[in-house]
Number of protein chains: 2
Amino acid sequence: MKTPVRARGKSFVSAQQVAERAGVSRSAVSRTFTDGASVSPATRKRVLEAAEALGYHVNHLARGLIHDSSNIVCVIGTDIATPHQSRMIDALTRHLQAAQKVAMLINTSGESAAVEAALRQALHYRADATIVLSGQPAASLIETCLNNGQHVILVNRDDPVPGPETVVVTNRTAARQAFDMLRRAGCQKFAVVTSTVGTASLVARETAFLEAARSAQFDASVIRLGPTAYASGAEAARQVLVSTSRPDGVFCVTDLLACGFLDVARTEFGLVVPDEVCVVGFDDIEQAGWSSYQLTTFRQPVDQIADHVVGLLHHQPAVHTIQPPTRFSAEPVWRKTVRPR
Amino acid sequence: MKTPVRARGKSFVSAQQVAERAGVSRSAVSRTFTDGASVSPATRKRVLEAAEALGYHVNHLARGLIHDSSNIVCVIGTDIATPHQSRMIDALTRHLQAAQKVAMLINTSGESAAVEAALRQALHYRADATIVLSGQPAASLIETCLNNGQHVILVNRDDPVPGPETVVVTNRTAARQAFDMLRRAGCQKFAVVTSTVGTASLVARETAFLEAARSAQFDASVIRLGPTAYASGAEAARQVLVSTSRPDGVFCVTDLLACGFLDVARTEFGLVVPDEVCVVGFDDIEQAGWSSYQLTTFRQPVDQIADHVVGLLHHQPAVHTIQPPTRFSAEPVWRKTVRPR
DNA sequence: GAGAATCTTGCACGCCTGTGCAGGACCGTC
DNA sequence: GACGGTCCTGCACAGGCGTGCAAGATTCTC
């Protein structure tokens, strides 16, 4: 007796069963579902009817076993519940789906051992590519992907290793522009609010702002606290606004920090924005546009980035070459937390 | 010699190659990576060394071809950039990873044809289960999953079809409680703000609130506008607050709506909350706790839900039975948009 | 030291698909 | 009617893996 172990009743249908029902060979079934294969209209019709009746779908696991492409793309992200990250994931998954790919999402926020296991897990599915969203996933994870021959795409990171392609936003230009905006608004005392998370983008924004201030003969202080979150921005405001010589021009490297900073400045210190203190953020998350904030900030072209990243999947990159990053410009969005000049 | 030979950029390393290098049969390699298989310590060691040197990992595609379990779980969500949804996905992916599963994320926000294609795509990977997050994915999608013998888990939905398991939050109880809170705060004229999206949860909250009002001999109006978003809440406020007999007790079926409503009430109408108008939300998104809002709302126990859902994956459900939903209670979070009694 | 018991190991098959190859059916032409 | 050409179709193999089975190796028992 050759009957498969279909006893559990609800197992999946295979091409073999469709072939038997349609009275053709399994090859005919396979060709019916393969683009450009040669099948006569008559058999094609019979196969399709049998497939429909049995509820057959080709098994992508087996198909991926043969082709070198599994159509799976691995997306690695930290803090994925954050407004900016979730918007990025939203855009990415939409574009991936439009390109007939499917996203495996790896959340690197958890315990690092579990993360490593999950990544390993995903890699073993022979993903076509791995997209690493900004954040602090250790460089060793990227190394792992590269060693497995993965096509790696880095977003808003700055790892000068050969292999991966990189997409970044013009952090430094924007940060310099942020200083100019504050300077022209008449600010005299500057501060940059950032977190203890040393992400490449965040560091770039911080240092570029400081350099701009220095080269304009101004001093600027740095407040570096906790994670890149609302609470850190709030705490930063509490620490820096008590001083008698408080800053009047503040650059928060993230909108989330800026929201926290603004709330404390207004609620706990009764400051009027932008009259007494000007604030510039970064990312242009949805909340920046809410009327409680009306935050002047820089927009990350999330949709364009996602589109470009997915486009990158088509051509295999040259290995062992340091790829120059593709840059997308972060444009200022003028709202109401900086005085117009 | 420690350099991975993957440099050729060719295909992945197979168990065959490891076997040759280790001087054993392919079976020995397979058994080395299979729990509970019988391998002598000596050969196991040689296999592991060869695997390490070659950078070998078992191919989960092939493994999933044999076992009936692929360890892939399909997560379907709408509006995944939303604070509540993204937090749900964050929790789910973390718990899935801890359970050695990996998440395939399907974004159903896009064009419906593309969505159908993406879901079909994911199904073909023989996912162990499909988790449907609240939203309006058509019931036909769920039908498709069920027909394919999928283990379907519905979160905050209310489809009375046999097969799927369901997890919900106590929407009706919470909505009644919301009415009580507003009533005890002395409100006289009630309104519920909702969207044109007829999600089961949203409808349940709305109707339960209206019933509670009616049975207490109060009238309550309904403002139903656009998508479930900040802008809709804002627009609702604009429409309802112009009237001379404006409501003073408002239940927004979502925190996002509540934030929009609050901002317009304060900014455009100069109303003082909670003195002139009380507002209750639902979800307890992060922004509800920000000092600009301090929104009184109901907390969805996201982490508990995720934990329970992942636990559900272990036992195969009885098919063709309508499963009674598992209920998680949404507890009130008192902040400052409702007067204390 | 012989036989029994246990542990290892390789062989071969199966999972589900795509595809080169060769043979067969069919058509048109002379 | 023969023949060359085109179009289908089935066979058989490949792809990477898990596993039952039986043979070989090792250990144990008396």
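Cut-offs used in this document
Residues numbered from 1 in each chain as written. Chains lettered and ligands numbered in written order. Predicted model: local features only at pLDDT ≥ 70, side-chain atom pairs only at ≥ 80, totals over all residues. Heavy atoms only, no water. Domains from an automatic or database assignment. Least-squares fit on C-alpha atoms with pLDDT ≥ 70 in both. Contact = heavy atoms within 4.5 Å. Near = heavy atom within 4 Å. Polar contact = N/O pair within 3.5 Å; in protein donor to acceptor, adjacent residues only side chain to side chain. Phe/Tyr/Trp six-rings, centres within 6.5 Å; stacked < 30°, edge-to-face > 60°. Helix = DSSP H or I, 4+ residues; strand = E, 2+ residues; numbered from the N terminus. Buried < 20%, exposed > 50% of the residue type's maximum accessible area, 1.4 Å probe, protein only. Lys NZ or Arg CZ within 6 Å of the ring centre and 35° of its normal. Pairing = 2+ DSSP bridges. Axes fitted to C-alpha atoms, helices over the stretch in contact; angles between N-to-C directions. Buried area = accessible area lost by both parts, 1.4 Å probe. Salt bridge = Lys/Arg side-chain N within 4 Å of Asp/Glu carboxyl O. Nonpolar A, V, L, I, M, F, W, Y, C, P; charged D, E, K, R; others polar. Parallel < 35°, antiparallel > 145°, perpendicular 65-115°, else oblique. Left-handed = near helix turned anticlockwise from the far one by under 90°.

(A) Layout of the domain arrangement of chain A. When the domains of chain A are assigned, the result is domain 1 (12-58), domain 2 (72-169 + 302-327) and domain 3 (171-300). Of note, the centres of domain 1 of chain A and domain 2 of chain A, computed from C-alpha atoms alone, are 37 Å apart.

(B) Seen up close, the relation of the copies chain B and chain A. With an RMSD of 0.1 Å, the fit of chain B onto chain A corresponds to turning through 180 degrees and sliding 0.0 Å along the axis. Here the copies are linked by what is in effect a two-fold axis. Both copies share a contact surface, since 93% of the interface residues of chain B are interface residues in chain A too.

(C) Representation of the protein's contact with DNA strand D within the structure. As a structural note, the neighbourhood of DNA strand D is formed by 28 residues, with Arg31 and Thr43 of chain A together with Ala15, Ser30 and Arg63 of chain B the closest of them. Protein-proximal atoms of DNA strand D, defined as those within 4 Å of the protein, fall in sugar or phosphate at a share of 54%. Between Arg26 of chain B and DNA strand D, the recorded distance is 2.8 Å, taken from a side-chain N or O atom to a base oxygen. Ser27 of chain B is positioned with one of its side-chain polar atoms (N or O) 3.4 Å from a base oxygen of DNA strand D.

(D) Main features of the protein's contact with DNA strand C. The full set close to DNA strand C counts 27 residues, and Ala15, Ser30, Arg63 and Ile66 of chain A together with Thr43 of chain B are the nearest of them. A share of 56% of the atoms of DNA strand C within 4 Å of the protein falls on sugar and phosphate groups. For DNA strand C, a phosphate oxygen lies 2.8 Å from a polar atom in the side chain of Tyr56 of chain A. Within the side chain of Arg31 of chain B, a nitrogen or oxygen atom sits 2.7 Å from a base oxygen of DNA strand C.

(E) Up close: the packing of aromatic side chains. Within the structure shown, the criterion is met by 21 aromatic pairs over all chains. Seen in terms of ring centroids, Phe179 of chain A and Phe209 of chain A are 5.7 Å apart; in terms of plane orientation they differ by 80 degrees. Their pairing is edge-to-face. With Phe179 of chain A in helix H8 (residues 171-184) and Phe209 of chain A in helix H9 (residues 200-215), the pair connects residues that are 30 residues apart, well separated along the chain. Classification of Phe179 of chain A by relative accessible area gives buried; the value is 2%. Among the residues examined, Phe209 of chain A registers a relative accessible area of 0% and is labelled buried. Through a chain of ring-to-ring contacts, the aromatic side chains of Tyr230, Trp290 and Tyr293 of chain A together with Tyr230, Trp290 and Tyr293 of chain B assemble into a single cluster. Directly above the ring of Phe282 of chain B sits Arg205 of chain B, whose terminal nitrogen or CZ lies 3.7 Å from the centroid.

(F) Main features of the sheet that holds strand E9 (residues 278-280) of chain B. All names here are of chain B. The four strands are arranged E7-E6-E8-E9 in an open sheet whose pairing can be described as parallel. In this open sheet, the two edge strands, each paired with only one partner strand, are strand E7 (220-224) and E9. Ignoring strand direction, the axes of neighbouring strands in this sheet form an average angle of 20 degrees. With four bridges joining them, strand E6 (residues 190-194) and strand E8 (residues 249-252) adopt parallel strand pairing. Note on E8: the bridge partner recorded for Val192 is Phe251.

(G) Up close: the interface of chain B and chain A. Between chain B and chain A, the contact holds 59 residues from the first and 57 residues from the second. Across the chain B to chain A interface the summed buried area is about 5,700 Å²; carbon plus sulfur atoms make up 58%. Taken as a group, Leu61, Arg126 and Trp290 of chain B account for 13% of the area that chain B buries against chain A, more than any other trio of residues on that side. Taken together, the links from chain B to chain A amount to zero salt bridges. Across the chain B-chain A interface, the total number found is 19 residue pairs in polar contact (both at pLDDT 80 or more). Contributing elements (two or more residues each) for the side of chain B that touches chain A: helix H4 (60-66), helix H5 (83-98), strand E2 (102-107), helix H6 (112-123), helix H7 (139-147) and helix H11 (255-267) of chain B. For the side of chain B that touches chain A, the element with the highest residue contribution is H5 of chain B, accounting for eight residues. Residues that form the side of chain B that touches chain A fall into these classes: 26 nonpolar, 23 polar and 10 charged. Direction of pairing for strand E2 (residues 102-107) of chain A relative to E2 of chain B: antiparallel, over a ladder of three bridges. Looking at the pairing, Leu105 of chain A lines up with Ala103 of chain B of E2 of chain B.

(H) View of the environment of Val193 of chain B. Residue and element names in this part refer to chain B. By secondary structure assignment, the location of Val193 is in strand E6. Classification of Val193 by relative accessible area gives buried; the value is 0%. Distance in space between the C-alpha atoms of Val193 and Val253 is 6.3 Å, their sequence separation being 60 residues. In contact with Val193, not counting residues within four places along its chain, are Ile223, Ala236, Val250, Phe251, Cys252, Val253, Leu257 and Phe261.

(I) The arrangement of unusual backbone geometry in detail. Note that the residue after Val273 of chain A, namely Pro274 of chain A, is joined by a cis bond; omega there is 5 degrees. Phi at Asp79 of chain B takes a positive value of approximately 50 degrees, unusual for a residue other than glycine. Accessibility expressed as a relative area gives 41% for Asp79 of chain B, which makes it partly exposed.

(J) Representation of the sheet that holds strand E9 (residues 278-280) of chain A in the model. Residues and elements named next belong to chain A. A sheet is described by the order of its strands in space; here four strands give the open sequence E7-E6-E8-E9, paired in parallel fashion. Each of the sheet's edge strands pairs with one partner strand only, and the pair in question is strand E7 (220-224) and E9. Strand-to-strand twist of the sheet, defined as the mean angle between neighbouring strand axes without regard to direction, takes the value 20 degrees. Of the strand pairs in this sheet, strand E6 (residues 190-194) and E7 are connected by five bridges, and their pairing is parallel.

(K) Representation of the side chain of Thr170 of chain A in the model. Residue and element names in this part refer to chain A. Secondary-structure assignment places Thr170 in the loop between strand E5 (165-169) and H8. Among the residues examined, Thr170 registers a relative accessible area of 15% and is labelled buried. With residues near it in sequence (within four places) discarded, Thr170 still touches Arg327, Phe328, Ser329 and Ala330.

(L) Summary view of the packing of H8 of chain A against H9 of chain A. Residues and elements named next belong to chain A. Closest axis-to-axis distance for the H8/H9 pair is 8 Å, and the angle between their directions is 45 degrees. As far as their axial angle goes, H9 and H8 are oblique. The element H8 and its partner H9 pack so that their crossing is right-handed. Residues Asn171, Arg172, Ala175, Arg176, Ala178, Phe179 and Leu182 of H8 form the contact with H9, whose participating residues are Ser201, Ala204, Arg205, Thr207, Ala208, Phe209, Glu211, Ala212 and Ala213.

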